[in-house]
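Survey of secondary and tertiary structure
Single-letter residue listing:
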Amino acid sequence: FFVYGAAGLGKTHLLQGIVHAAAGRYGDGQCLYVSCRTFVNDAIRAMEDGRGGELRERYGTVALLAFDDVHLLAGRERSEEEFFHILNLLLASQRQVVMAADRVTSEVPGLQERLVSRLSAGLMVALDAPCLETRMAIVRDKASLLAINLPEAVVRLVEERYERDVRQLAEAIVRIAPLSDFECGP
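Summary of the structure given here. What you see is a predicted model; the values in this text were computed from it and never measured. (Residues numbered from 1 in each chain as written. Predicted model: local features only at pLDDT ≥ 70, side-chain atom pairs only at ≥ 80, totals over all residues. Heavy atoms only, no water.)

For the rest of this paragraph, the subject is the overall build of the protein chain. Of regular secondary structure, the protein chain possesses eight helices and five strands. Reading the protein chain from its N end, one meets helices and strands in the order β-α-β-α-α-β-α-β-α-β-α-α-α. The C-alpha radius of gyration of the protein chain comes to 20 Å, more than 25% above the 16 Å expected for a compact globule of 186 residues. In the protein chain, which comprises 186 residues, the share counted as buried stands at 38%. When contacts within the protein chain are restricted to residue pairs at least 6 apart in sequence, long-range pairs at least 24 apart make up 73% of them. Carbon and sulfur atoms make up 51% of the accessible area of the protein chain, which amounts to about 10700 Å² in all. Taking the 21 positively charged and 26 negatively charged side chains of the protein chain as two groups, their mean positions are separated by 2 Å. (Helix = DSSP H or I, 4+ residues; strand = E, 2+ residues; numbered from the N terminus. Rg over C-alpha atoms; globule rule 2.2 N^0.38 Å. Buried < 20%, exposed > 50% of the residue type's maximum accessible area, 1.4 Å probe, protein only. Contact = heavy atoms within 4.5 Å. Areas by Shrake-Rupley, 256 points an atom, 1.4 Å probe, with all protein chains shown as cover. Lys, Arg positive; Asp, Glu negative; His and termini not counted. Charge placed at Lys NZ, Arg CZ, Asp CG, Glu CD.)

Once that is clear, we can look at the nonpolar core. Counting 28 residues, the largest nonpolar core has Phe-39, Phe-67, Leu-73, Phe-83 and Leu-119 as its most contacted members. The residues contacting Leu-119, other than those within four sequence positions of it, are Phe-2, Val-70, Phe-83, Leu-87, Met-99, Thr-105, Leu-111 and Met-124. Met-136, Ala-143, Leu-169 and Ala-177 belong to the second largest nonpolar core, which has 12 residues in total. (Core = buried A, V, L, I, M, F, W, Y, C linked by side-chain atoms within 4.5 Å.)

Below, the structure written as structure tokens:
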């Protein structure tokens, strides 16, 4: 499963949610979420220490691997190579792999063609910015979680200001929360 879309739309939350839900099915330690940066750092250390096998053992034997920010692998030849072998291990043993990136794999410059081909073989889903009703629901839900009552005009103002970034939409409510304790005079 491969999901792609702009920053701030919830790809990381989606991957982490999948891992959390799957952990109940497979058990703790069998589901792993990893960011590309963490993987690259692990791969570099393993290669420097001559422990490539340990890297493949750690990542290639889980029941489910959630790999975030795949696009950051582009141009990192050795890390890309290790990821390709781990991906093959997982797929050969019919393990689950979920990935996220900021764009579809074929549009990632510098990503090895064989990796693009492998990543494109599964279900690919674009994550788009939420519609007006969804943005308003997000604002109301976040405000409710923070126990603040926002007037409809404020809900509307916030959702209009952050049309394309759900993360910023939620952060705006967090910034508004402390202000909601103050009342303005007449």
